[in-house]
Amino acid sequence: MARVRLSSVKKVYPGSVTAVDNFNLDVPDKEFCVFVGPSGCGKSTTLRMIAGLEDITGGDIFIGDRRVNDVAPKDRDIAMVFQNYALYPHMTVYNNMAFGLKLRKFPKKEIEKRVQEAAEILGITELLNRKPKALSGGERQRVAVGRAIVRKPQVFLFDEPLSNLDAKLRVQMRVEISKLHSRLQSTMIYVTHDQTEAMTMGDRIVVMKSGEIQQVDDPVHLYNKPTNKFVAGFIGSPGMNFIEGSVQIESGAAWFNEGAFRLQLPAEKYDALQNHNNEAVVLGMRPEDLWTPENAPEIQKTNHIEANIEVVEPMGSETYVYLNTGKSHFIARVGANVHPRAGERQTFALDVEKSHIFDAKTTQRLA
């Protein structure tokens, strides 16, 4: 397997449309790296440049110690799994998986050995004599992955491979690909627009927006320490709540003032905010960090707000409560034992220890 490195990589399409700009990333050997972001952010374009399917406008791409800018895709020693499977409909599963090896003139016994090994890993041995039209979506995706495995490449590239599957099968295949990575100990780069896939699968996650990297981090740090408002809102389901207001510094303490309510912020945020008195900011709160007062930790009982309950969504193990203060709208994620009703006005406590303060203009996290 191999390290993948991108240095100042850029992609500009005709008409001066910049799809990827100043992309710098080092993916160590054996890492599972996930590119995530909204549609059109440049993640698939970046993956295709690594594969050699898109020419780069500027910068350098290295696979292992080799600069591959001018190396043909077939000579980069990578294998790519596409969203639409890209299987040959007239070939059996066996021949689909073996086709690339036959083109490379591998001995027949070696081809059979590799195909059988990959089929056993993926649990598709009994499907080898079938054609793609006789397979389900999940089975076709396994065949596409198997075709990549038999190559034994330095790097696996996945371009939204699960987006055509139903929700239950996506979860199953997510687990299977993660297990496959553990078993093969290979370098994998995986593109998705689904932040749940990114959080559950990636050793590290690259969050992209408008062709630029916003943050590269492991899932825990990405969730708890987002670098800006975009990352904070994109990662997490439901997404982070954002409440507009201002900072007030009084008697050595920092406060957040929304207008209808004020919250005293933790002492450790004071240092970061003391020079931002009366400046416009945005308070970020995860839905799970709001409670009804009886369920709130003792330390949080002084930081609370009153809000009108607009919608209640029971989810089984938890409940989503949509709230409105008159100025701000946000969501609380509460336990199934809490039974709020739409139309009521209720008090909610906030865990300000876990809050985030973002600059209203730059959107960067201040504290």
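The structure this text deals with has already been given above.
Notes on the structure follow.

So, how was this worked out
Residues numbered from 1 in each chain as written. Predicted model: local features only at pLDDT ≥ 70, side-chain atom pairs only at ≥ 80, totals over all residues. Heavy atoms only, no water. Helix = DSSP H or I, 4+ residues; strand = E, 2+ residues; numbered from the N terminus. Buried < 20%, exposed > 50% of the residue type's maximum accessible area, 1.4 Å probe, protein only. Salt bridge = Lys/Arg side-chain N within 4 Å of Asp/Glu carboxyl O. Phe/Tyr/Trp six-rings, centres within 6.5 Å; stacked < 30°, edge-to-face > 60°. Lys NZ or Arg CZ within 6 Å of the ring centre and 35° of its normal.

What about the environment of alanine 260?
By secondary structure assignment, the location of alanine 260 is in the loop between strand E12 (253-257) and strand E13 (262-264). For alanine 260, a relative accessible area of 58% translates into the label exposed. Each C-alpha atom of the pair alanine 260 and threonine 325 lies 7.4 Å from the other, and the pair is 65 residues apart in sequence.

Observations concerning the pattern of salt bridges
Under the defined criterion, the tally for this structure stands at 13 salt bridges. One salt bridge connects aspartate 26 with arginine 3, and the closest N-O pair in it is separated by 2.6 Å. Within this pair, whereas aspartate 26 is found in strand E2 (residues 17-27), its partner arginine 3 is found in the segment before strand E1 (4-13), the two being separated by 23 residues in sequence. The partly exposed category is assigned to aspartate 26, whose relative accessible area is 31%. With relative accessibility at 36%, the residue arginine 3 sits in the partly exposed group. Notably, a salt bridge pairs arginine 114 with glutamate 110, separated by 2.8 Å at the nearest N-O pair. Of this pair, arginine 114 and glutamate 110 are both found in helix H3 (residues 108-122), four residues apart, which corresponds to roughly one turn of the helix. With a relative accessible area of 12%, arginine 114 lands in the buried category.

A look at the packing of aromatic side chains
Overall, the coordinates contain seven aromatic pairs when judged by the stated rule. Taken together through their ring pairs, the aromatic side chains of Phe32, Phe156, Phe158 and Tyr190 make up a single cluster. Directly above the ring of phenylalanine 62 sits arginine 5, whose terminal nitrogen or CZ lies 4.2 Å from the centroid. The ring of tryptophan 255 carries the charged tip of arginine 262 above its face, separated from the ring centre by 4.1 Å.

Remarks on the environment of leucine 283
For leucine 283, the position within the fold is in strand E14 (residues 280-285). Note on leucine 283: relative accessible area 0%, which makes it buried.

Shape descriptors only; they carry no functional weight alone.
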